[in-house]
Amino acid sequence: MLPNLLDAATCRRLAALYAEEAHFRSHIIMARHGFGKGEYRYFRYPLPDPIGTLRTALYARLAPVANGWNERMGIETRYPAEHQTFVETCHQAGQQRPTPLLLQYGAGDYNCLHQDLYGDIAFPIQVAILLSEPGKDFTGGEFVLTEQRPRMQSRAEVVPLRRGDAVAFAVHHRPVQGTRGSYRVNMRHGVSTVRSGHRHTLGIIFHDAR
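In this text the structure is predicted, and so the values were computed from the model without any measurement.

Colleague: Explanation requested: the pattern of salt bridges in the structure shown.
Modeller: Two side chains of opposite charge can pair, provided their charged atoms sit close to one another. Taken as a whole and judged by the stated rule, the model has eight salt bridges. With a closest N to O distance of 3.7 Å, R210 and D120 form a salt bridge. Here R210 is found in the segment after β14 (199-204), whereas its partner D120 is found in the loop between β5 (110-114) and β6 (125-130), with 90 residues between them in sequence. According to the relative accessible area criterion, R210 is partly exposed, its value standing at 46%. Of the charged contacts, one joins E133 and R163 as a salt bridge, the two residues approaching to 3.9 Å between their closest N and O atoms. Taken as a pair, E133 in the loop between β6 and β7 (138-140) and R163 in the loop between β9 (155-159) and β10 (166-170) lie far apart in primary sequence, 30 residues in all. Residue E133 shares its accessibility class with R163, and that shared class is buried. Through salt bridges that share partners, E133, D137, R162 and R163 make up one connected network.

Colleague: Whenever I open this one, the environment of R162 confuses me. Can you help?
Modeller: By the secondary structure assignment, R162 is in the loop between β9 and β10. As for R162 and A19, which are separated by 143 residues in sequence, their C-alpha atoms are 23 Å apart. Those residues within four positions of R162 in sequence are excluded, and the remaining contacts are L130, E133 and P134. A distance of 3.3 Å separates a polar side-chain atom of R162 from the backbone oxygen of P134.

Colleague: Could you clarify how one ought to interpret the pairing of β9 in this entry?
Modeller: As paired strands, strand β8 (residues 143-148) and β9 are joined by five bridges and run antiparallel to one another. Directly across from T146, in β9, lies its bridge partner A156. Two successive antiparallel strands, β8 and β9, enclose a turn made up of six residues, where R151 displays a positive phi of approximately 60°.

Colleague: Explain the packing of aromatic side chains to me, please; I cannot follow it from the model alone.
Modeller: Here the distance between the centres and the angle between the planes together describe a pair of aromatic rings. By the definition in use, this model includes twelve aromatic pairs. Consider the rings of Y59 and F123, whose centres lie 4.9 Å apart with planes at 45°: the pair is tilted. Within this pair, whereas Y59 is found in helix α3 (residues 51-73), its partner F123 is found in the loop between β5 and β6, the two being separated by 64 residues in sequence. This pair shows no difference in class: Y59 is buried, exactly as F123 is. Among the aromatic residues, those joined into a cluster by ring pairs are Y59, Y79, F86, F123 and F206. Over the ring of Y42 we find R25; its NZ or CZ atom is 4.5 Å from the centre of that ring.

Conventions adopted
- Residues numbered from 1 in each chain as written.
- Predicted model: local features only at pLDDT ≥ 70, side-chain atom pairs only at ≥ 80, totals over all residues.
- Heavy atoms only, no water.
- Salt bridge = Lys/Arg side-chain N within 4 Å of Asp/Glu carboxyl O.
- Helix = DSSP H or I, 4+ residues; strand = E, 2+ residues; numbered from the N terminus.
- Buried < 20%, exposed > 50% of the residue type's maximum accessible area, 1.4 Å probe, protein only.
- Contact = heavy atoms within 4.5 Å.
- Polar contact = N/O pair within 3.5 Å; in protein donor to acceptor, adjacent residues only side chain to side chain.
- Pairing = 2+ DSSP bridges.
- Phe/Tyr/Trp six-rings, centres within 6.5 Å; stacked < 30°, edge-to-face > 60°.
- Lys NZ or Arg CZ within 6 Å of the ring centre and 35° of its normal.

Given below as C-alpha cells:
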C-alpha cells in the first residue's frame, strides 16, 4: 500500500483526461472481449504529466524488490536500475506500445481476474492508483487480489483504497516463504462490481506491449 500518493486535485485532473482522446492510443470495451464490464484507454507516448514521472520514480524503487523476488524464485532475470534502460530492452524485443492506462467503471461494471502480460518481457510488479472517492463517487468496486498456491486452495484479498492511494502488486507471480524456503504463487487481480456511481483508476505498468 502507498497511501496518499496523489492529492485530490491531481486525482480529479487525471480522471478528467479520460474524455480527451488525444492522450490515448486505444480504447477497450471490456464486455467485447470477455474481460468484464467497463472500459479503459491506453495512453500514447509521450505520457502526460505526472504519469511519466510517476512511472520512472516508482520503477526505481520497485526494481530492487523485483530483483529480490527473482533471486528467491530462482529466476535469472535481473532488472536495470533505470526505467529508460528497461524500456529500451522492451523496444528491442518488439514491445514498443506504452501500457499505462485509465480505467472507467459505472454502476454494474466489474473487471474479471486477470494478469497484465503483453509479451515475453514483463516487469513483475505494477501499481494501481484509485482516482475516485469510495462512498462519495462510487460504492462497491473493491480492488481484489487472488493468490493460487501450489496444491492448495486459492486465497483472496480485498485491498482497502481511498482516493489517491496506490497499491503495488504482482503482475504474474511472487515468492512466498515456506517451511522449505521460498516458493512461487500465481497472482491475479480484478475489481468487484460497482454498485453505484463512477470509479476511475490509473494503472501503471512498467513493461511495454507488442
